[in-house]
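A look at the structure
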Amino acid sequence: MRKTEKFSEEAKRKIVMEVLSGTLTKEQARHVYGIKSKSAILEWMRIFAGLERRVPKDPLPILRNMSEKQDSNNEFKARINQLEEELKLSQLKGRAYQIMVDIAKEEYGLDLEKKSGAKQFKDSKKKSQG
């Protein structure tokens, strides 16, 4: 019975991604990571591609598609982070405006909040036209 090396799921995925990206060949990856089995990396590729063990199908297209989806997910996550930061900034601006309105009301007796249905002064129309 052969002794098998144990690699974590994360380590296996890292090695597979290095091979798929072209950073290392399967043979180079075997030597760098001390993998004795000649078929281990191919087997991991098949597993991550969702293929059964003895299926002679090439897992590379499926794994490359998986890599593209991961890149797309990273773009979505970056966009979400950007939008969350913009939301925080907008909320801070809204709060600052509310504080300014409250100060104007308390210190100067000015009511800066727009009332619905507020009427314009008749004199103000004449001044702006003249």
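Look above for the structure.
Residues numbered from 1 in each chain as written. Predicted model: local features only at pLDDT ≥ 70, side-chain atom pairs only at ≥ 80, totals over all residues. Heavy atoms only, no water.

1. Examining the nonpolar core
The test is simple: Nonpolar cores are built from buried Ala, Val, Leu, Ile, Met, Phe, Trp, Tyr and Cys residues. Side-chain atoms within 4.5 Å join them into one set. Buried residues are those whose accessible area, probed at 1.4 Å on protein chains only, stays under 20% of the maximum for their type, while exposed residues exceed 50% and partly exposed ones sit between those limits. Numbered from the N terminus, helices here are DSSP runs of H or I no shorter than four residues, and strands are runs of E no shorter than two.
Judged by nonpolar contacts, the single largest core of 14 residues is most densely connected at Val16, Ile41, Trp44, Met45 and Leu63. Within the residue set of this core, elements represented by two or more residues are helix H1 (9-21) and helix H3 (40-49). Ranked by the residues each element gives to this core, the list is headed by H3, at six residues.

2. Examining the packing of H1 against H3
Note the cut-off: Only the stretch in contact is used when fitting a helix axis, every axis being a line fitted to C-alpha atoms; angles between N-to-C directions are given from 0 to 180 degrees. If an angle is under 35 degrees, it is roughly parallel; if it is over 145, roughly antiparallel; if it lies from 65 to 115, roughly perpendicular; otherwise it is oblique. In this analysis, two residues are considered to be in contact whenever any of their non-hydrogen atoms come within 4.5 Å of each other. Throughout, the ten residues Ala, Val, Leu, Ile, Met, Phe, Trp, Tyr, Cys and Pro are labelled nonpolar, Asp, Glu, Lys and Arg are labelled charged, and all others, Gly among them, are labelled polar.
For the pair H1 and H3, interaxial distance at closest approach is 10 Å and the crossing angle is 100°. Between H1 and H3, the angle falls in the class roughly perpendicular. Counted together, Glu9, Lys12, Arg13, Ile15, Val16, Val19 and Leu20 of H1 and Ile41, Trp44, Met45 and Phe48 of H3 form the full contact between these two elements. Residue composition of the contact of H1 with H3, grouped by class: eight nonpolar, no polar and three charged.

3. With respect to the packing of aromatic side chains
Quick note on the threshold: A pair of Phe, Tyr and Trp rings is counted when the ring centres sit within 6.5 Å of each other, with Trp represented by its six-membered ring. The angle between the planes then sorts it: under 30 degrees is stacked, over 60 is edge-to-face, the rest tilted.
Scanning the entire structure with this criterion turns up one aromatic pair. With 5.4 Å between their ring centres and 65° between their planes, phenylalanine 7 and tryptophan 44 make a pair best called edge-to-face. Linking phenylalanine 7 in the segment before H1 with tryptophan 44 in helix H3, this pair joins segments that are 37 residues apart in sequence. Take tryptophan 44: its relative accessible area is 8%, and that puts it in the buried class.

4. Notes on H1
Rules: How far a helix is expected to stretch is found by multiplying one less than its residue total by 1.5 Å.
Over its 13 residues, H1 extends 18 Å from the first C-alpha to the last, a length consistent with the 18 Å expected when each residue adds 1.5 Å. For H1, the full list of buried residues reads Ile15, Val16, Glu18, Val19 and Leu20.

5. A closer look at the packing of H1 against helix H2 (residues 26-33)
Basically, it comes down to this: Each helix crossing is assigned a hand: it is left-handed if the near helix lies turned anticlockwise from the far helix by less than a right angle, otherwise right-handed if that turn is clockwise.
Close contact between H1 and H2 brings their axes to 9 Å; oriented N to C, the two are set at 145°. Between H1 and H2 the crossing geometry is right-handed. Across from Lys14, Ile15, Glu18 and Val19 in H1, the residues of H2 making contact are Lys26, Ala29 and Tyr33. Across the contact of H1 with H2, the residue classes tally to four nonpolar, no polar and three charged.

6. Quick notes on H3
Of all ten residues in H3, eight are buried, a share of seventy percent or more. Those residues of H3 that fall on the buried side of the exposure criterion are Ala40, Ile41, Glu43, Trp44, Met45, Arg46, Phe48 and Ala49. Where H3 ends, the next residue or the one after it, glycine 50, has phi of about 80°, a positive value.

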